[in-house]
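Residues per chain are reported as follows:
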Amino acid sequence: MKGPSVAVLKKYLTAMSKNKVKYMTCERLSRIVGVYPEVIAENLSYFDPILNMDPSYDLLALIPQIKEYIQEEEDKKAAPIHKVTATKRDVVEYESVSDFVYKKMTFAGMVDRNLVLNEKDLRVLKRLVNDELAELKKKK
């Protein structure tokens, strides 16, 4: 079952927390929020299915579950993955593949065999290789 949207749950949660009553029903929450009680019951039935059948159900009991659900959903979207790319500015620093090897992979004139290139360096090297291959094809 697909869960309710986080925006709707936040709206319900703020309305319930601002109102200082000891017992909150769907009917009372609908007067505060401006949404039909059936819609509220449908959205919150994700946390307790009995809510659809019992109009006198106390919604304040669902607050910890709602907060936990909101936190989990926000944690899922928290870390977008950024793809590393080799820009033209990065590639212009090197004239050719041999220049890249000399500048990045040598230490005091000796090739460092233990050097591990990061993802960005590998993408720059790949782009340099592709550029040199394209130049060789043009000459033929």
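The structure we're discussing is the one just above.
What you see is a predicted model; the values in this text were computed from it and never measured.

Visitor: Got a minute to help me understand the environment of T85 in this structure?
Guide: For T85, the location among the structural elements is in the loop between helix 4 (63-76) and helix 5 (88-92). Spatially, the C-alpha atom of T85 lies 6.5 Å from that of K120, the residues being 35 residues apart in sequence. Beyond its immediate sequence surroundings of up to four residues, T85 is in contact with D90, K120 and R123.

Visitor: So what exactly am I meant to see when it comes to helix 3 (residues 37-44) here?
Guide: Because an α-helix completes one turn every 3.6 residues, residues spaced three or four positions apart along the sequence face the same direction. Within the sequence span of helix 3, burial applies to P37, I40, A41 and L44. Summarising the axial view, the buried residues of helix 3 lie within an arc of 100°, below the 170-degree limit, and thus occupy one face. On its buried face, helix 3 is in contact with helix 1 (6-18), helix 2 (26-33) and helix 4.

Visitor: Explain the side chain of D90 to me, please; I cannot follow it from the model alone.
Guide: With respect to the helices and strands, D90 occurs in helix 5. Here D90 falls in the buried class, since its relative accessible area comes to 11%. Setting aside residues no more than four positions away along its own chain, D90 makes contact with T85, K120 and V124.

Visitor: I keep staring at the environment of P64 and nothing clicks. Help me out?
Guide: When you line up the elements, P64 lands in helix 4. Residue classification places P64 among the exposed positions, given a relative accessible area of 52%. C-alpha separation for the pair P64 and T14, spaced 50 residues apart in sequence, amounts to 13 Å.

Rules used in this analysis
Residues numbered from 1 in each chain as written. Predicted model: local features only at pLDDT ≥ 70, side-chain atom pairs only at ≥ 80, totals over all residues. Heavy atoms only, no water. Helix = DSSP H or I, 4+ residues; strand = E, 2+ residues; numbered from the N terminus. Contact = heavy atoms within 4.5 Å. Buried < 20%, exposed > 50% of the residue type's maximum accessible area, 1.4 Å probe, protein only. Arc of directions from axis to C-beta.

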